[in-house]
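Tertiary structure, described
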Amino acid sequence: MDHKVVVENLVKIFGKNPSRGVELLQQGVAKDEILSSAKLTIGVADVSFHVDAGEIFVVMGLSGSGKSTLLRCLNRLHEPTAGKIVIDGEDITAMTRPALREFRRTKIGMVFQNFALYPNRTILDNVAFGLEIRGVEKDARQKIAQETIELVGLDGWENQYPSELSGGMQQRVGLARALALDPDILLMDEPFSALDPLIRKEMQEELLRLQEKMNKTIIFITHDLDEALSLGDRIAIMKDGWVVQLGTAEEILNNPEDEYVVKFTEDVDRSKILIAESVMHKPLAVALLEKDGVNVILRKIDKHGLSSILVVDGTHRVVGGLHPEDLVRAKKEGLSIKDIPVHEVSQTLLSTPLRSLLEMSSDTAFPLAVVDEDQKLVGVIARSHMLAALARRGVI
Amino acid sequence: MDGFRIPIGQHVDSLVDGLQEHVGFVFDWINDVVYATVMGIESVLLGIPFIVFVVITALIAWKLAGKGVALFAIIGFLLVNNIGLWQPAMQTLSLVLTAEIITLLVGLPLGIIIAKHKGLDNSVRPVLDLMQTMPAFVYLIPAVMFFSLGRVPGVMATIIFSMPPMIRLTSLGIKQVPNDLVEAGHAFGCTPYQLLVKVELPHALTTIMAGVNQSIMLALSMVVIAAMIGAGGLGSMVLRGVQRVNIGLGFESGLAVVILAIFLDRITQGLGKKKQEF
């Protein structure tokens, strides 16, 4: 299958005589040096990637990394200095002005960081803006706008003005305005960065929900790794105009390619402060070494639907873990609990960071045992809990 | 150095002479259009019965600026009529309206063009400074030379005097449209015309209305001065009061000017605010 969007060796340089900058870039001169010697600012330096239809492609980087410039090159709000952008087999960089306008009116929608809603237009007229520019009749465009407003969950607000809406709602309008065009491609320029964290999370989920229905090709800019990880099918990390790493969320987390990316991924952990205590569950049932017989333990496993069970001694310290198969065999053969193998179980303290737990738990069939300072069992963490917790925080 | 003097005055004289000689027909045409406009408006204003005028203006004031201004208009215009200055007041109003219409027709597009071209902005700004700070009386001289005496030169001098704020504030309003709104316009495929009409002008309207307000106020002050070259209206009554040291007449006609000024100011301000209440 052909790619939806193909970007080849894209360069954007601001300043007079930018082609000089392209030469310098090709000679491998650094960004700072080009700025000081040639008075040229490198926005995007030789970037190539492709985006497939229906994919959410996230471009992440700090401010000044060139991510917004890159996005604006895709619909030529910024004229690329060099390189090619091919969308559906058509070279955007070669389009005439009228062709470009037609392309913007039909194929590509854009959502802005600060919403960029028109304050003197109602929500309905804001959403209908693109259609109005396209020349759609008033009745038709208002009907489509109304449907789109309902799609983003704002019905009832269509006759209000943007200033009467909260930030999150305003960005829903921004999203609706882009969606009303029914474009193939959505460009989203840090759309949720101006929102507070709770609303941001909600909007991310909303976007994913809409995406399931609509299956657009989305190119999403953010400076927030959490957001990138929870939304992006693939993520490109930009620095100083270059893409320093491109891959899926897992690839980037597990194998950060250079220091810059490492710093980003470290920041994630620091900001999360996920520790064992915050994700553990109370054990549904434990086997008491001194008291319980094989049948009792099997009943406990059966009752709570467990795949294994932890064994504790009289002081509630973890002795190990039992496999149900071993218990079943013991029952058949009439063995006592002392005769079956007790497997070693990884133990961890309440305050251990989750990141280090991830590696510990991956090579054992048992849940992690969380113990307090006296080695007493206080909770368990199944691997699935850990993944769910990370996913909730947007890490995976 | 003795005796040398740069002959600025002479050059201006010869420029005016040359213009009159070679493009005199243009001035004749302007003269005809302006005269017809002034007289047309004047005959309408004086043609409708006084009481109808008061009712209409009170309604306009009520709609745009509230009850207080409506009440003010009624009392004010009744007073002007009572002291026998209705006819000159309407002459003045028609001069102001004519000047304002032309100011709008020229100033609005000019302001837009200037906002879009930075180079032009730099070259036009000193001209606007000159137009605004040159003593108002100076405009009377070329106005008389091109259009002789009467209402038309009065209107022309008024236009020059009241044009700068219209151009400046239009340009300012357009330039102040937030960049992301303009960018959004482009992103949705606006043509330059669509961008202007659907994005920039609606957003700049409040500022543009401030320009209209300012230029009307300036026009009103200039129209009084223009009485010196026979523009007529309240200005000529003020002038007569000054010449005859008739304090009573001077004060009455001055008061009528003030009443007109307040009325026009509140209405145009109201128009700006009305548009702002999205």
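Predicted, not measured: the structure shown is a model, and the values here were computed from it.

Attention now goes to the overall build of chain B. When you go through chain B residue by residue, the secondary structure sums to twelve helices and zero strands. Each helix (α) and strand (β) of chain B, taken in turn from the N terminus, gives the series α-α-α-α-α-α-α-α-α-α-α-α. Referenced to the eigenvectors of the C-alpha coordinate spread, the extents of chain B come out at roughly 65 × 65 × 35 Å. Across the 278 residues that make up chain B, the buried fraction comes to 45%.

Right, let's talk about the pairing of strand S4 (residues 82-87) of chain A for a bit. Residues and elements named next belong to chain A. One ladder, built from five bridges, connects strand S1 (residues 5-14) with S4; its direction is antiparallel. Bridged to Val-11 within S4 is Ala-82. Looking at chain direction, S4 and strand S5 (residues 90-91) are connected through two bridges and run antiparallel. Counterpart to Val-86 in the pairing with S5 is Asp-91. Counted along the chain from S4 to the antiparallel partner S5, the turn is two residues long, and its residue Asp-88 has a positive phi close to 50°.

Below, the discussion takes up a nonpolar patch on the surface. Together, Ile-51, Val-52, Val-55, Ile-56, Leu-59, Ile-60 and Trp-62 of chain B line one region of the surface with nonpolar side chains, adding up to about 640 Å² of accessible area. Relative to the assigned elements, Trp-62 of chain B resides in helix H3 (residues 50-65).

Tallying the contact residues gives 24 residues for chain A and 18 residues for chain B. With both sides pooled, the region where chain A packs onto chain B buries about 1900 Å², and carbon together with sulfur makes up 64% of that total. Of all residues in chain A, the largest losses of buried area upon contact with chain B belong to Tyr-118, Asn-120 and Ile-133 of chain A, amounting jointly to 26% of the total for that side. Summed over the shared surface of chain A and chain B, the result is two salt bridges. A salt bridge links Glu-132 of chain A to Lys-198 of chain B; the shortest N-O distance between them is 2.8 Å. On the surface where chain A and chain B come into contact, there are eight residue pairs in polar contact (both at pLDDT 80 or more). Elements that contribute at least two residues to the side of chain A that touches chain B include exactly helix H4 (97-106), strand S6 (108-111), helix H6 (129-134) and helix H8 (167-179) of chain A. Per element, the largest residue contribution to the side of chain A that touches chain B is four residues, and it comes from H6 of chain A. Considering only residue class, the side of chain A that touches chain B consists of 13 nonpolar, four polar and seven charged.

Before going further, it helps to examine the packing of aromatic side chains. Tallying each qualifying case throughout the model produces ten aromatic pairs over all chains. Centroid distance Phe-49 of chain A to Phe-57 of chain A: 4.8 Å. Interplanar angle 10°. Geometry classified as stacked. Overall, Phe-49 of chain A belongs to the buried group, its relative accessible area being 6%. Ring geometry for Phe-53 of chain B and Phe-77 of chain B: centres 5.5 Å apart, planes at 70°, overall edge-to-face. Of the two residues, Phe-53 of chain B sits in helix H3 while Phe-77 of chain B sits in helix H4 (residues 67-82), which places them 24 residues apart along the sequence. Residue Phe-77 of chain B is classed as buried on the basis of its relative accessible area of 2%. One aromatic cluster is present, built from ring pairs that chain together Phe-50, Phe-53, Phe-77, Trp-86 and Phe-263 of chain B.

So, on to the confidence of the model for chain B. Per-residue pLDDT for chain B has a mean of 86; in total, 97% of the residues score no lower than 70. Model confidence for chain B, summarised as mean pLDDT per element, is weakest for helix H7 (residues 140-147) of chain B at 79 and strongest for helix H9 (residues 179-187) of chain B at 92.

When cut into domains, chain A gives domain 1 (5-107 + 183-271) and domain 2 (276-392). Measuring from the centre of the C-alpha atoms in domain 1 of chain A to the corresponding centre in domain 2 of chain A gives 46 Å.

Residue and element names in this part refer to chain B. Looking at the element boundaries, Gly-24 is found in helix H2 (residues 24-47). Under the relative-accessibility criterion, Gly-24 is labelled buried at 17%. Along the primary structure Gly-24 and Ser-162 are separated by 138 residues, whereas in three dimensions their C-alpha atoms are 24 Å apart.

Next up on the list: the packing of helix H1 (residues 8-22) of chain B against H2 of chain B. Packed helix pairs are characterised by how far apart their axes lie and by the angle those axes make with each other. Residue and element names in this part refer to chain B. Where H1 contacts H2, the two axes come as close as 4 Å, and the packing angle between them is 80°. As the angle between them shows, H1 and H2 are arranged roughly perpendicular. Facing H1, whose interface residues are Leu-19, Gln-20, Glu-21 and His-22, H2 presents Gly-24, Phe-25 and Phe-27. For the contact of H1 with H2, the per-class residue count stands at three nonpolar, three polar and one charged.

In this section: helix H3 (residues 67-74) of chain A. The buried fraction of H3 of chain A amounts to seven of the eight residues, a majority that puts the element mostly inside the structure. One or two steps after H3 of chain A, the chain reaches Arg-76 of chain A, where phi turns positive at roughly 60°.

Residues and elements named next belong to chain A. Strands sit in the order S6-S7-S8-S3-S9-S10 across an open sheet of six strands; the sheet is mixed. Each edge of the open sheet carries a strand with a single partner, namely S6 and strand S10 (242-247). Direction aside, neighbouring strands of the sheet carry axes that sit 15° apart on average. Sheet topology places strand S9 (residues 234-239) next to S10; five bridges connect them, and they run antiparallel. Bridge assignment links Ile-235 to a residue of S10, and that residue is Gly-247.

Working definition: the strands of a sheet are paired by backbone hydrogen bonds and lie parallel or antiparallel to each other. All names here are of chain A. Pairing within the open sheet is mixed, and its three strands lie in the order S14-S15-S16. Because the sheet does not close on itself, it has two edges, and the strands there are strand S14 (347-349) and strand S16 (377-381). Taken over all neighbouring pairs, the strand axes of this sheet differ in orientation by 35° on average, direction set aside. Direction of pairing for strand S15 (residues 368-371) relative to S16: antiparallel, over a ladder of four bridges.

This next bit is on H3 of chain B. Residue and element names in this part refer to chain B. Over its 16 residues, H3 extends 22 Å from the first C-alpha to the last, a length consistent with the 22 Å expected when each residue adds 1.5 Å. Along H3, the residues classified as buried are Phe-50, Phe-53, Val-54, Thr-57, Ala-58, Ala-61 and Leu-64. Down the axis of H3, the buried side of the element spans an arc of 145°, and every buried residue falls inside it. Residues of H3 that are exposed and angled more than 90 degrees away from the buried face: Ile-51, Trp-62 and Lys-63. One or two positions beyond H3, positive phi appears at Gly-66, with a value near 100°.

Ranked by size, the top nonpolar core spans 87 residues in total, and within it Met-188, Ile-219, Phe-220 and Ile-235 of chain A carry the most contacts. The biggest single contributor to this core is H8 of chain A, with six residues. Not counting residues up to four positions away in its chain, the partners in contact with Ile-219 of chain A are Val-5, Val-51, Phe-57, Val-59, Leu-71, Leu-74, Leu-186, Leu-187 and Met-188 of chain A. Judged by nonpolar contacts, the second largest core, of 69 residues, contains Leu-45, Ala-73, Met-237 and Ile-267 of chain B.

Rules behind the numbers
Residues numbered from 1 in each chain as written. Chains lettered and ligands numbered in written order. Predicted model: local features only at pLDDT ≥ 70, side-chain atom pairs only at ≥ 80, totals over all residues. Heavy atoms only, no water. Helix = DSSP H or I, 4+ residues; strand = E, 2+ residues; numbered from the N terminus. Buried < 20%, exposed > 50% of the residue type's maximum accessible area, 1.4 Å probe, protein only. Pairing = 2+ DSSP bridges. Patch = residues over 30% accessible without salt bridge, like charges linked within 9 Å, V, L, I, M, F, W, Y side chains within 5 Å. Areas by Shrake-Rupley, 256 points an atom, 1.4 Å probe, with all protein chains shown as cover. Salt bridge = Lys/Arg side-chain N within 4 Å of Asp/Glu carboxyl O. Contact = heavy atoms within 4.5 Å. Buried area = accessible area lost by both parts, 1.4 Å probe. Polar contact = N/O pair within 3.5 Å; in protein donor to acceptor, adjacent residues only side chain to side chain. Nonpolar A, V, L, I, M, F, W, Y, C, P; charged D, E, K, R; others polar. Phe/Tyr/Trp six-rings, centres within 6.5 Å; stacked < 30°, edge-to-face > 60°. pLDDT = per-residue confidence, 0-100. Domains from an automatic or database assignment. Axes fitted to C-alpha atoms, helices over the stretch in contact; angles between N-to-C directions. Parallel < 35°, antiparallel > 145°, perpendicular 65-115°, else oblique. Expected span 1.5 Å × (residues − 1). Arc of directions from axis to C-beta. Core = buried A, V, L, I, M, F, W, Y, C linked by side-chain atoms within 4.5 Å.

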